[in-house]
Amino acid sequence: MSSLSRELVFLILQFLDEEKFKETVHRLEQESGFFFNMRYFEDLVTGGEWDEVEKYLSGFTKVDDNRYSMKIFFEIRKQKYLEALDRRDRAKAVDILVKDLKVFSAFNEELFKEITQLLTLENFRENEQLSKYGDTKSARGIMLAELKKLIEANPLFRDKLQFPTLKNSRLRTLINQSLNWQHQLCKNPRPNPDIKTLFVDHTCGPPNGARAPSPVTNPLMNAAVPKPGGFPPLGAHGPFQPGPAPLPAPLAGWMANPSPVAHPAASAGPMGLVAPNNAAALIKRPRTPPNNSAAMDYQTADSDHVLKRTRPFGVSDEVSTLPVNILPVPYNSQNHGQSSYSSDDLPRNVIMNLSQGSAVKSLDFHPLQQVLLLVGTNMGEVMVWELVTRERVAFNNFKVWDLAACSMPLQASLASDYTASINRVMWSPDGTLFGVAYSKHIVHIYSYSANDLKNHLEIEAHVGSVNDLAFSFPSKLCIVTCGEDRLIKVWDAVNGTKQFVFEGHEAPVYSVCPHHKETIQFIFSTATDGKIKAWLYDNVGSRVDYDAPGHSSTIMAYSADGSRLFSCGTNKEGESFLVEWNESEGAVKRTYHGLGKRSVGVVQFDTTRNRFLAAGDEFMVKFWDMDSVNLLTTMDADGALPASPCIRFNKDGTLLAVSTNENGVKILANADGVRQLRSAENRPFDASRVASTAGVKPPTMNAFPPGSAALGASIVDRNTSVPTMLGMSADNRSLVDVKPRVDESMDKSKVWKLIEITEASQCRSLRLPDSISAMRVSRLIYTNSGLAILALASNAVHKLWKWQRNDRNLTGKANASVMPQLWQPSSGILMTNDLSDTNPEDAVSCFALSKNDSYVMSASGGKISLFNMMTFKTMTTFMAPPPAATFLAFHPQDNNIIAIGMEDSSIQIYNVRVDEVKTKLKGHQKRITGLAFSNVLNVLVSSGADSQ
């Protein structure tokens, strides 16, 4: 198939997806084999539709294509087999064993026998390797994470996991361009052609009245071509204005004012779209007709051209040559590849309650140090909480820093009432600054470092209340404010100088939402009369004049990846509206159900994980899946919430802050959030280091593709971690050019309250039992779980002591009060390193544990060995000396990548999966004595016997 034919298939897939032909989309994906829809695959696996799973996979690979494909099918069939056993359906299990799993016996007969023996057990969890098998849902989730890694590593899926980047409704656009071209070739082109079919070329009938201007004399001939969208282009009826930058496609649909003239024939009826609520929504963007030059340059939807403001010139002769746009262009949701989360991932468990002393008005989590919470109250108090220690680490009351510099109206207001409420608090993208918008004229910008607040800027931003504040980066870091004086202003965040003033709203401006698409920076603003406007960083004026649903006071926000736009607001009648916008059309795409009617206040909302929406409403927090209009779930956070609580997620969506009616904030967490707080408990941040690191965009941590060990490594050996998806948005929490957390920059003084050990009675000791021949211990380490200790003796034998969970040791953690067990598998084998010709006493012993404690990589002067920690079996050996390995370290994100320090002073970055040295590092003069990967930064640290 030619490359153009292949691209045509992608255009058809996009069209089918937009028109909601769901089954047909996936059938074409499978039959063509061009695009593997990971989201669809995840849904099939999660739903246990095993026949459909294998049918879909069959379009891309077969069982015996390669070892990745073999393990993919093995994992699926094994899960199906275990689920049958779990249901006590032994007949089905036998059927799966014979028909589905038998094929793998030729490759690993021992593993097949082990699987067969599960039939003899009353509960397959009696098998040690399956003892941690949970319920069906969790098992499928763990398997799915493994399958995704295998698919990503499988060369047969290369270039098939990413859907091409296409403008919305690309096939429709091409058809529209073709119709425009055909219309221009008509001998007598009509101003409003009546196109009824695509099966034959379009021609206009004989003229009926005055002839329309020809393409050659058309004054729009050389005009810029706008993107497809729901409104006519600015400038279609008037001369271009100088200055504005080009607009990206999603914004272009918003950047227009309704035309005074409707052209219904140009639409020919919508195809599955919500009926527009005004005549302007029926008008599609015109295309520039070609000129008569020999080389015809067809303008496409990919052209980024300037859009200008419409002038009210009335009906122009230019209207008669508006080209045909018979196919409406709907919003493309592009759900390919969206992350898969369930409602169980939502932070629902209350883990702490922070007392503020006055009513909370605004919340924001630090973009890097996600355990720092910024709070603003109705009494003008601003404070920073460290959630790990539950300490208020910074606090300031409202106070004007330079009263003499204030305007007379502000001085008069403060003279009568020296108080102000906080309307908004927000961190800057790098977390070194935060802004506070007050109800009286003032914006304060603080610098934050090492739990210390310093006054940075005091700006008298607006006359009256400053209703909202945000940070943006048009060319440098700026602060965007809006206020009761109906203005939007942009300020330099360094020196506070005014950059822009945007006028045009006829009511107080309620909120601002800076964002960017591609290289275009813009600002959405909303007013209390329900008007929405958009602005570029220029002096041309607003590019949008649109109504919010219900004419409500509205807040707008993008999803974390910046691809989807939402708004939530409440009107004067108390009706609330939570919607998703179709940016291409400038219309509401989806209205979410479940918000109640209120007597006072505006509903607050937030987004997280590119998947969920949350709103504080009716004394609870309500959640929606972004792709479903129906309410997903609600929770009351153990009660005591106000009617419209303030809510805010941290960047990872693991923590949720909710205001209470008792002048407090409740912190809710999911399982990851609890772990996040616990892991940070011993490693608090040093905020003074953030500024030096936040401005540098780190390279991708996963330098090598993730993968898996060979087939048969273990029945249940899977890494369950799922990488976080980052995107670009005006939301500071999702900026990709800031680091997520700098765990290495810590204030160690807070880790422990040090106790001087002066007496033996202050310590507890325990001699570990050892029935194996006693030899000198060369290396010793706790497992990552803290449940065991692993030792490597000088004779190259490993010993593993495990603590059992019982009445005396409820956690099962290693301790000196309970005797552990020297553990060996039932086979009785030992993990023994290769010694080669090395004298054990002279050999440098080294080992490293994988992050999930499943593998140990070890060497004792000979080859490096990889052992399965659950079976003690040797998975592989490699790298025979010389030189010998002297230090080993696993990559924290990928168990297949290891750093190997060598006796000859080199460091080798080795990929176990493909048995290949990826990189060789040199710099030391003597053998390597230490290696450490950062868990967050893309950094490897080494030490050598050369004292370097």
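Look up: the structure comes first, before these words.
Below is a summary of the structure that appears in this document.

**Looking at the sheet that holds strand β22 (residues 604–608)**
Stage number 1. Strands sit in the order β22-β23-β24-β25 across an open sheet of four strands; the sheet is antiparallel. Of all the strands in the sheet, just β22 and β25 (631–635) have a single pairing partner and so form its edges. If you compare each strand with its neighbour and ignore which way they point, the axes differ by 20° on average.
Stage number 2. For β22 and strand β23 (residues 612–617), the ladder comprises five bridges, and the chain directions are antiparallel. Bridging across to β23, phenylalanine 605 finds its partner in alanine 615.

**Topic: the packing of helix α5 (residues 67–86) against helix α8 (residues 136–153)**
Think of two packed helices as two axes; the pair is described by the angle between the axes and how far apart they sit.
Stage number 1. At a closest axis distance of 9 Å, the pairing of α5 and α8 adopts a crossing angle of 170°. If you check the angle between α5 and α8, you find them roughly antiparallel. Contacts between α5 and α8 pair Tyr68, Lys71, Ile72, Glu75, Ile76, Gln79, Glu83 and Asp86 from the former with Thr136, Ala139, Arg140, Met143, Glu146, Leu147, Leu150, Ile151 and Ala153 from the latter.
Stage number 2. A breakdown of the residues in the contact of α5 with α8 according to their chemical character gives nine nonpolar, two polar and six charged.

**A closer look at the sheet that holds strand β28 (residues 664–669)**
Stage number 1. Strands sit in the order β1-β28-β27-β26 across an open sheet of four strands; the sheet is antiparallel. The open sheet has two edge strands, β1 (349–355) and β26 (647–649), and neither has a second partner. Adjacent strand axes in the sheet meet at a mean angle of 20° when their direction is disregarded.
Stage number 2. As paired elements, β1 and β28 share six bridges and run antiparallel to each other. What sits directly across from valine 350, in β28, is leucine 668.

**As for a nonpolar patch on the surface**
Stage number 1. Side chains of Leu198, Phe199 and Val200 sit close together on the surface and give an oily, nonpolar patch of about 380 Å² of accessible area.
Stage number 2. With respect to the secondary-structure elements, valine 200 resides in the loop between α9 (170–184) and α10 (249–252).

Rules used in this analysis
Residues numbered from 1 in each chain as written. Predicted model: local features only at pLDDT ≥ 70, side-chain atom pairs only at ≥ 80, totals over all residues. Heavy atoms only, no water. Pairing = 2+ DSSP bridges. Helix = DSSP H or I, 4+ residues; strand = E, 2+ residues; numbered from the N terminus. Axes fitted to C-alpha atoms, helices over the stretch in contact; angles between N-to-C directions. Parallel < 35°, antiparallel > 145°, perpendicular 65-115°, else oblique. Contact = heavy atoms within 4.5 Å. Nonpolar A, V, L, I, M, F, W, Y, C, P; charged D, E, K, R; others polar. Patch = residues over 30% accessible without salt bridge, like charges linked within 9 Å, V, L, I, M, F, W, Y side chains within 5 Å. Areas by Shrake-Rupley, 256 points an atom, 1.4 Å probe, with all protein chains shown as cover. Salt bridge = Lys/Arg side-chain N within 4 Å of Asp/Glu carboxyl O.

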